Amino acid sequence: QVQLVESGGGLVQPGGSLRLSCVASGSILSINTMGWYRQAPGKQRELVATITYSGITNDADSVKGRFTISRDNAKNTVYLQMNSLKPEDTAVYYCNAEIAVVSAPWVNPYWGQGTQVTVSS
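Remember, it's a predicted structure, so these values are computed and weren't measured experimentally.

1. Structural notes on the environment of Val63
For step 1, the next point in the chain: Here Val63 lies in the loop between strand 6 (57-59) and strand 7 (67-72).
For step 2, the next point in the chain: Of the residues examined, Val63 reaches a relative accessible area of 0% and is grouped as buried.
For step 3, the next point in the chain: C-alpha of Val63 to C-alpha of Asn83: the two residues are 20 residues apart in sequence and 9.3 Å apart in space.
For step 4, the next point in the chain: The residues touching Val63, leaving out its near neighbours within four places in the chain, are Arg38 and Val48.

2. A look at the sheet that holds strand 8 (residues 77-82)
For step 1, the next point in the chain: Strand order in the open sheet formed by four strands is 1-3-8-7, with antiparallel pairing between adjacent strands. Looking at strand neighbours, the two that pair on one side only are strand 1 (2-7) and strand 7, the edges of this open sheet. Strand-to-strand twist in this sheet, taken as the mean axis angle between neighbours without regard to direction, amounts to 15 degrees.
For step 2, the next point in the chain: By the bridge criterion, six bridges tie strand 7 to strand 8 in an arrangement that is antiparallel. What sits directly across from Thr68, in strand 8, is Gln81.

3. Some remarks on the pattern of salt bridges
Should their charged atoms come close, side chains of opposite charge can pair.
For step 1, the next point in the chain: What the rule picks out here adds up to four salt bridges.
For step 2, the next point in the chain: Put simply, Asp61 and Lys64 hold a salt bridge, and the shortest N to O gap is 3.3 Å.
For step 3, the next point in the chain: Exposure remark for Asp61: the relative accessible area of 68% places this residue in the exposed category.
For step 4, the next point in the chain: When the shortest N-O distance is used, the salt bridge between Asp89 and Arg66 registers 2.7 Å. Within this pair, whereas Asp89 is found in the loop between strand 8 and strand 9 (91-101), its partner Arg66 is found in the loop between strand 6 and strand 7, the two being separated by 23 residues in sequence.
For step 5, the next point in the chain: Given a relative accessible area of 0%, Asp89 falls into the buried group.
For step 6, the next point in the chain: Put simply, Arg38, Glu46, Arg66 and Asp89 are held in one network by salt bridges that share partners.

Calculation rules
- Residues numbered from 1 in each chain as written.
- Predicted model: local features only at pLDDT ≥ 70, side-chain atom pairs only at ≥ 80, totals over all residues.
- Heavy atoms only, no water.
- Helix = DSSP H or I, 4+ residues; strand = E, 2+ residues; numbered from the N terminus.
- Buried < 20%, exposed > 50% of the residue type's maximum accessible area, 1.4 Å probe, protein only.
- Contact = heavy atoms within 4.5 Å.
- Pairing = 2+ DSSP bridges.
- Axes fitted to C-alpha atoms, helices over the stretch in contact; angles between N-to-C directions.
- Salt bridge = Lys/Arg side-chain N within 4 Å of Asp/Glu carboxyl O.

Shown next, in the form of structure tokens:
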């Protein structure tokens, strides 16, 4: 029904930057809130940032001022610009989107496959 394809992960040194992208595709009627979550080894998945359709953002305290979430509704894409990266940012980052599809015209959550971000010297 829906695919969320993430890109942009990789290895970066502390203080560096990465830009993650996530493109939603499928028989999409609408996309409401989109967001990024992350899961470090041995830890639970946690919220990084979310953004509503109208552009209202909500950032986790741990990334506030360093990460910026944005979206391009015309492209069904959400981005996460990550600056001043720290080793503790190392995690698998997952894209999330609340999407209504043709076969189910109500909002349901969809997840991407995850992309690895490693911050290390």
